[in-house]
Amino acid sequence: MRPRRRSTHFRGAGLGAAPQHVGVGLAGGGHRNGPALAPGAAFRGLHHPGYNTRWAKIILPRLIRKSSNAENLVAITIFFGANDSALKDENPKQHIPLDEYIENLKNMIQYLKSIDIPESRIILITPPPLCESAWEKECIAQGFKLNRTNVVVGEYAKACLQVGQNCGADVLDLWTLMQKDNEDFSSYLSDGLHLSPKGNEFLSSHLWPLLEKKVASLPLILPYWRNVAETKPEHSLLGNGDN
């Protein structure tokens with residue numbers, strides 16, 4: 001038997017660097033292999049290409065304020081590192097030193113705690129691995145040298161993981177998961193850096209269980225569609241039972 005539909009009170013937020021790095025529809029429509037959330041469930045946040053944690057730290061208070069009932073947010077994702085890890089010599093505008101990256105993540109978590117969003121509602125997402133050969137082609141096409149390496153991205157991913165562990169927040173370690181058992185991860189990336197549709201599906205499939213844990217305490221108000229009675233659906237939809 002599948003769980004009933006979650007209450008309309010679910011609210012979530014996401015803070016990330018690029019629209020390609022977003023599991024679209026996770027909050028509003030539900031993952032296709034998980035229970036759907038009620039219509040009207042909110043999932044809001046920043047998804048701008050090219051942003052790093054230095055800029056995100058500055059604008060986070062503008063996006064999520066205590067006065068906007070932030071304490072009612074069930075989950076918030078923070079997804080940075082792909083731009084912060086850009087090589088300083090080749091891409092100084094986006095590059096953020098590793099130590100500052102760590103402090104910026106901590107700062108954002110501390111800010112969220114200050115407006116009554118505890119660590120238990122926060123999910124950090126590490127940057128995905130970098131396919132250097134594909135991304136180098138993109139760089140050359142734009143007249144640049146290769147401005148990232150997978151080894152350096154891995155250092156930021158490990159730092160993100162450590163911050164989450166130290167702060168008590170959940171972490172989705174994309175960098176490690178996509179390379180598990182030496183898997184060819186190139187199909188997860190559209191250009192070597194940004195997630196492809198398959199990469200977004202990978203993200204979605206791993207993010208959903210973390211989100212599901214956080215919405216488990218919400219009231220269940222409607223049955224899973226397979227549990228709706230065929231002959232008298234009103235008994236399932238309006239009554240007290242699932243049949």
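Report on the accompanying structure.

Definitions and limits used
Residues numbered from 1 in each chain as written. Predicted model: local features only at pLDDT ≥ 70, side-chain atom pairs only at ≥ 80, totals over all residues. Heavy atoms only, no water. Phe/Tyr/Trp six-rings, centres within 6.5 Å; stacked < 30°, edge-to-face > 60°. Helix = DSSP H or I, 4+ residues; strand = E, 2+ residues; numbered from the N terminus. Buried < 20%, exposed > 50% of the residue type's maximum accessible area, 1.4 Å probe, protein only. Core = buried A, V, L, I, M, F, W, Y, C linked by side-chain atoms within 4.5 Å. Contact = heavy atoms within 4.5 Å. Salt bridge = Lys/Arg side-chain N within 4 Å of Asp/Glu carboxyl O. Polar contact = N/O pair within 3.5 Å; in protein donor to acceptor, adjacent residues only side chain to side chain. Axes fitted to C-alpha atoms, helices over the stretch in contact; angles between N-to-C directions. Parallel < 35°, antiparallel > 145°, perpendicular 65-115°, else oblique. Left-handed = near helix turned anticlockwise from the far one by under 90°. Nonpolar A, V, L, I, M, F, W, Y, C, P; charged D, E, K, R; others polar. Pairing = 2+ DSSP bridges.

### Some points on the packing of aromatic side chains
According to the stated counting rule, one finds 3 aromatic pairs in the structure shown. Relative to Tyr-156, the ring of Tyr-101 has its centre 5.1 Å away and its plane inclined at 55°; by these criteria the two rings are tilted. Separated by 55 residues along the polypeptide, Tyr-101 in helix α2 (residues 98-114) and Tyr-156 in helix α4 (residues 150-167) bring together distant segments of the chain. With a relative accessible area of 3%, Tyr-156 lands in the buried category. Taking 4.7 Å as the distance between ring centres and 45° as the angle between the ring planes, the aromatic pair formed by Tyr-188 and Phe-202 counts as tilted. Of this pair, Tyr-188 sits in the loop between α5 (174-177) and α6 (197-215) while Phe-202 is found in helix α6, placing the two residues 14 residues apart along the sequence. For Phe-202, a relative accessible area of 11% gives the class buried.

### A look at the nonpolar core
Counting residues in each nonpolar core, the largest one holds 27 residues, and the members touching the most others are Ile-64, Ile-78, Tyr-101, Leu-112, Ile-117 and Ile-122. Within the residue set of this core, elements represented by two or more residues are α1 (53-63), β4 (75-79), α2, β5 (122-125) and α4. With 7 residues, the top contributor of residues to this core is α2. The contact partners of Ile-117, leaving out residues within four places of it in the chain, are Ile-64, Ala-70, Leu-73, Ile-76, Leu-112 and Ile-122. Within the second largest apolar cluster, 18 residues are counted, among which are Met-178, Phe-185, Tyr-188 and Phe-202.

### Thoughts on the pattern of salt bridges
Close approach of charged atoms lets side chains of opposite charge pair. Per the counting criterion, the structure on display carries 5 salt bridges. The partner of Arg-54 in a salt bridge is Glu-100, and the shortest N-O contact between them spans 2.7 Å. A residue pair is termed long-range when its members are at least 10 positions apart, and Arg-54 in helix α1 and Glu-100 in helix α2 qualify at 46 residues. In this structure, the salt-bridge partner of Glu-103 is Lys-106, at a minimum N-O distance of 3.7 Å. Of this pair, Glu-103 and Lys-106 both sit in helix α2, 3 residues apart, which is roughly one turn of the helix.

### So, the environment of Asp-173
Mapped onto the elements of the fold, Asp-173 is located in the loop between β6 (170-172) and α5. Here Asp-173 falls in the buried class, since its relative accessible area comes to 14%. Note: C-alpha distance between Asp-173 and Pro-127 (46 residues apart in sequence) is 7.8 Å. Not counting the four nearest positions on each side in its chain, Asp-173 is found in contact with Thr-126, Ala-157 and Leu-161. Engagement of the side chain of Asp-173 in a polar contact is seen with the side chain of Thr-126, the distance being 3.3 Å.

### A short note on the packing of α1 against α2
For any two helices packed against each other, the geometry comes down to the angle between their axes and how far apart the axes lie. Orientation of α1 relative to α2, taken along the N-to-C sense of each, is 15°, at an axis distance of 9 Å. If you check the angle between α1 and α2, you find them roughly parallel. Once α1 is placed against α2, the crossing between them reads as left-handed. Residue-level contacts link Thr-53, Arg-54, Ala-56, Lys-57, Leu-60 and Pro-61 of α1 to Glu-100, Tyr-101, Asn-104, Leu-105, Asn-107, Met-108, Tyr-111 and Leu-112 of α2. Grouping the constituent residues of the contact of α1 with α2 by class yields 8 nonpolar, 3 polar and 3 charged.

### A word on the pairing of β4
Of all 5 residues that make up β4, 5 are buried, and the element is covered over most of its length. Taking every second residue as pointing to the same face, both faces of β4 are buried, with Ala-75, Thr-77 and Phe-79 on one and Ile-76 and Ile-78 on the other. In this structure, β4 lies alongside β5, joined through 4 bridges in parallel fashion. Looking across to β5, one finds that Ile-76 is bridged to Ile-122.

Interpretation note: all reported values are geometric properties and have no functional meaning in isolation.
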